[in-house]
Amino acid sequence: MSEAVKIAAAAVAAALCAVVVRRQSPEIALVLGVGGCALVVLYCSGALKSVMELVDKLALTGGLSAQVVEPVMKTAGIAIVTRLAADFCKDAQEGGLASAVELAGTALALAAALPLVSMVLDLLVQLL
């Protein structure tokens, strides 16, 4: 819980700095937002590593191959990165670019999930 408070405090501090600076220099405010986001993501990297280790352990325990787990994790990563990038584009008043990032993220997520869909299709063919 204390980690969540630290992350929230850092994010609020970066946001407040960006709001104050935005009147004078919107470009610097955007850089402050990106920097704050980068710090939060770096701080969370340890937790993300723990999650990945748990997912690997669950996959081994459940007898799932890496071919099944990898597309799911890739898709989740693509969703996170796409959301962050689109939100920053929206903050920079680049709505069209944000929409393009979201569309690209959707296409990449679908492409990342194709091996999993292919395995499900093969399994259905075997069952029939």
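What counts and what doesn't
- Residues numbered from 1 in each chain as written.
- Predicted model: local features only at pLDDT ≥ 70, side-chain atom pairs only at ≥ 80, totals over all residues.
- Heavy atoms only, no water.
- Disulfide = S-S within 2.5 Å.
- Buried < 20%, exposed > 50% of the residue type's maximum accessible area, 1.4 Å probe, protein only.
- Helix = DSSP H or I, 4+ residues; strand = E, 2+ residues; numbered from the N terminus.
- Contact = heavy atoms within 4.5 Å.
- Expected span 1.5 Å × (residues − 1).
- pLDDT = per-residue confidence, 0-100.
- Axes fitted to C-alpha atoms, helices over the stretch in contact; angles between N-to-C directions.
- Parallel < 35°, antiparallel > 145°, perpendicular 65-115°, else oblique.
- Salt bridge = Lys/Arg side-chain N within 4 Å of Asp/Glu carboxyl O.

Here the focus is the state of the cysteines. Evaluated as defined, the whole model comprises zero disulfides. Considering cysteine sulfurs only, Cys-44 is the nearest to Cys-37, which forms no disulfide, with 9.6 Å between them. When its relative accessible area of 18% is taken as the criterion, Cys-37 is described as buried. Of the cysteine sulfurs around Cys-89, a residue in no disulfide, the closest is that of Cys-37, at 12 Å. Under the relative-accessibility criterion, Cys-89 is labelled buried at 14%.

The next subject is the side chain of Thr-82. Among the secondary structure elements, Thr-82 is positioned in helix H3 (residues 66–91). Those residues in contact with Thr-82 that sit more than four places away from it in its chain are Val-101, Glu-102 and Gly-105.

In a regular helix each residue adds 1.5 Å, so 26 residues correspond to 38 Å; H3 covers 37 Å between its end C-alpha atoms and thus fits that length. Of all the residues in H3, the buried ones are Val-69, Pro-71, Thr-82, Ala-86, Phe-88 and Cys-89. Where the residues of H3 are buried, they touch helix H2 (26–62) and helix H4 (95–127). Where H3 terminates, the next one or two residues include Gln-93, which has phi positive at roughly 60 degrees.

Residue-level pLDDT values for the protein chain average 87, and 99% of them are 70 or greater. Mean pLDDT across the elements of the protein chain ranges from a minimum in H2, with 85, to a maximum in H4, with 92.

Its identity as a non-glycine residue notwithstanding, Gln-93 has a phi of 60 degrees, on the positive side. Tracing the chain through its elements places Gln-93 in the loop between H3 and H4.

It is worth spelling out the environment of Gly-33 at this point. Take Gly-33: it is sitting in helix H2. Since its relative accessible area comes to 22%, Gly-33 is described here as partly exposed.

Right, let's talk about the packing of helix H1 (residues 2–22) against H2 for a bit. Look at H1 against H2: their axes get within 8 Å of each other, and the N-to-C directions meet at 170 degrees. When the interaxial angle is binned, H1 and H2 end up roughly antiparallel. Between H1 and H2, the residues in contact are Glu-3, Lys-6, Ile-7, Ala-14, Cys-17, Ala-18, Val-21 and Arg-22 and Pro-26, Ile-28, Ala-29, Leu-32, Gly-36, Val-40, Tyr-43 and Cys-44, respectively.

This brings us to the pattern of salt bridges. Going through the model one piece at a time under the given rule, you end up with three salt bridges. Its salt-bridge partner being Arg-83, residue Asp-87 comes within 3.2 Å of it at the nearest N-O pair. On the criterion of helical spacing, the pair formed by Asp-87 and Arg-83 is a turn pair, its members being four residues apart in helix H3. Judged by relative accessible area, which is 56%, Arg-83 ranks as exposed. Across the salt bridge formed by Lys-90 and Glu-102, the nearest N and O atoms sit 3.3 Å from each other. One end of the pair, Lys-90, is in helix H3; the other, Glu-102, is in helix H4, and twelve residues separate them in sequence. With relative accessibility at 31%, the residue Glu-102 sits in the partly exposed group.

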